[in-house]
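Spelled out from the first residue to the last, the chains are:
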Amino acid sequence: MFKLRRKIEGVPKGAFAFGLAAVQIFGFIKIVQFFLVNHYLPTPFPMDKADTLMDLFHSVFWASDPGRYTEWESVYPPFVFVVLNGLSVILLGDATFPDAFALRAAGMSISITFLVSAIISTQLVFASNVYRDKSLLEKWCYFIFFLGSMPFLFALERGNLVIFLPLFLAWALLNRGWGRVFAIALMINIKPYCALLLFADLIQGRPVWFIRTVAVSGIIFLVTGMVCDANFILFVPGLLGFSSADFIFTPSAVLSMNASLTAFSYALDWDVAGKLGSSFRQEWQTLLSLALKFANLALLLTALIGVVRARFRLNQEQTLAVLVVIILNASFSFGGYTLVLYAAVFPILATMRHGRLICGLIILIFLPLDLINIQKIPFGLQDVFLSGRIVPITLTVGLGVYVRPIADAFILLTLVLECWGRRWCLPPLLQPKLKMPANGQREAR
């Protein structure tokens, strides 16, 4: 074990990062090859191949429509619509379209702006001081590794604004005053589940900054809401209804890109609700679904209590990082593309006592494991937007479908053990050689 550790530590960090980038480039090339041969993107990209970038264009279309909260029943905060409406006016002027698909057909400038902005914002994360302990080579290699990963490519294909959250999260990690206030407030007004990050200040004994962040978030919500229309308040019941709704997605849509164990519960519940299989099968599926839900809930609650318990041992950045991991494990409804947040907290989680194990699990999540097919299911003909063809689609279930949520849960479990005590120790191979201090004044443990 010690000889193996010495061999691993003897490998330059730049070489390791270069290896990760090379593996990701290989995975990306395989995706391109698949597309050139089959004329559609493979699973875990969404099964609806005509829906590419529609998370973006549906939002842009409804940004100028007063029925965004009454008719479409959107769960996006008004801030999103104000920004997207401004973007549409700048790039398309006063042009009107019958639906979001017609807008996408005419909105190539919007697509290019989104893709370029997403790539630049991601690169800024790795160029920031969050990765200050990495060499220039390592920064570029990790940038390629994360950007070329399936969670990032999935978010880009969807046109989902979650792709910009790592930049705001990095901003929050690098500031402790008003910079963090505005960064978290903007994150909440893009994706409301980021509200959990508010509690970092409370946990760290900074109630004044907690109040300031809540106030700024509320002001942004109210001001942009009044700019939209008087119905913006319907966002709240719409969000609650979306979170509690049953079976609004197909199991293939949930499982294709998932980050939480609750995705498995959802698929099992769907199967039982459809009355598929024997009664015996339904009973064990129900029990397994309940066990997964209970285990996930227990893990989340234990982590929340643990991060409060460990508030004197964790610095503010580490506290934010733990809360991010809790968000990622909370629910399948947040979407598997929320995994992109790991790009910003990866160096922070590396400073934990068991950072080597945590970073290894994060790398596992972002490896191109979906290239390893477990099952193939014919899915019929579909109109593919990217190729402009109608072709037969095959649903492929890759190894990543199962690895991502399980690895994500193990990351949270490791952080639970980290927060609740220091009696648990890793094998020497997995222990970091030098632990970074929890703050700038105490020595490494």
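These lines cover the structure that appears in this document, whether it is placed above or below. Bear in mind the structure is a predicted one, so any value in this text is a computation, not a measurement. (Residues numbered from 1 in each chain as written. Predicted model: local features only at pLDDT ≥ 70, side-chain atom pairs only at ≥ 80, totals over all residues. Heavy atoms only, no water.)

A look at a nonpolar patch on the surface
Where nonpolar side chains cluster on the molecular surface, the patch consists of Ile 374, Tyr 402, Ile 406, Phe 410, Leu 413 and Leu 417 and spans about 510 Å² of accessible area. Broken down by element, the residue count for the nonpolar patch peaks at 5 residues, all from helix α20 (residues 400-420). Mapping Tyr 402 onto the fold places it in helix α20. For Tyr 402, a relative accessible area of 38% puts it in the partly exposed group. (Patch = residues over 30% accessible without salt bridge, like charges linked within 9 Å, V, L, I, M, F, W, Y side chains within 5 Å. Areas by Shrake-Rupley, 256 points an atom, 1.4 Å probe, with all protein chains shown as cover. Salt bridge = Lys/Arg side-chain N within 4 Å of Asp/Glu carboxyl O. Helix = DSSP H or I, 4+ residues; strand = E, 2+ residues; numbered from the N terminus. Buried < 20%, exposed > 50% of the residue type's maximum accessible area, 1.4 Å probe, protein only.)

Here's the deal with the environment of Pro 77
You can see Pro 77 is positioned in the loop between α3 (54-63) and α4 (78-92). Residue Pro 77 is classed as buried on the basis of its relative accessible area of 2%. Sequence-wise, Pro 77 and Asn 189 are 112 residues apart; in three dimensions their C-alpha atoms are separated by 5.7 Å. For Pro 77, the contacting residues outside a window of four places in its chain are Tyr 69, Ile 188, Asn 189, Ile 190, Pro 192 and Phe 235. (Contact = heavy atoms within 4.5 Å.)

Notes on the pattern of salt bridges
Here the structure, examined in full by the defined rule, presents 8 salt bridges. Between Asp 55 and Arg 158 there is a salt bridge, and its shortest N-O distance comes to 3.8 Å. Taken together, the positions of Asp 55 in helix α3 and Arg 158 in helix α8 (residues 150-158) put the pair 103 residues apart, joining distant regions of the chain. Take Asp 55: its relative accessible area is 19%, and that puts it in the buried class. One salt bridge connects Asp 229 with Arg 68, and the closest N-O pair in it is separated by 2.3 Å. Placement of Asp 229 in the loop between α12 (207-228) and α13 (235-244) and of Arg 68 in the loop between α3 and α4 is noted, with a sequence separation of 161 residues between them.

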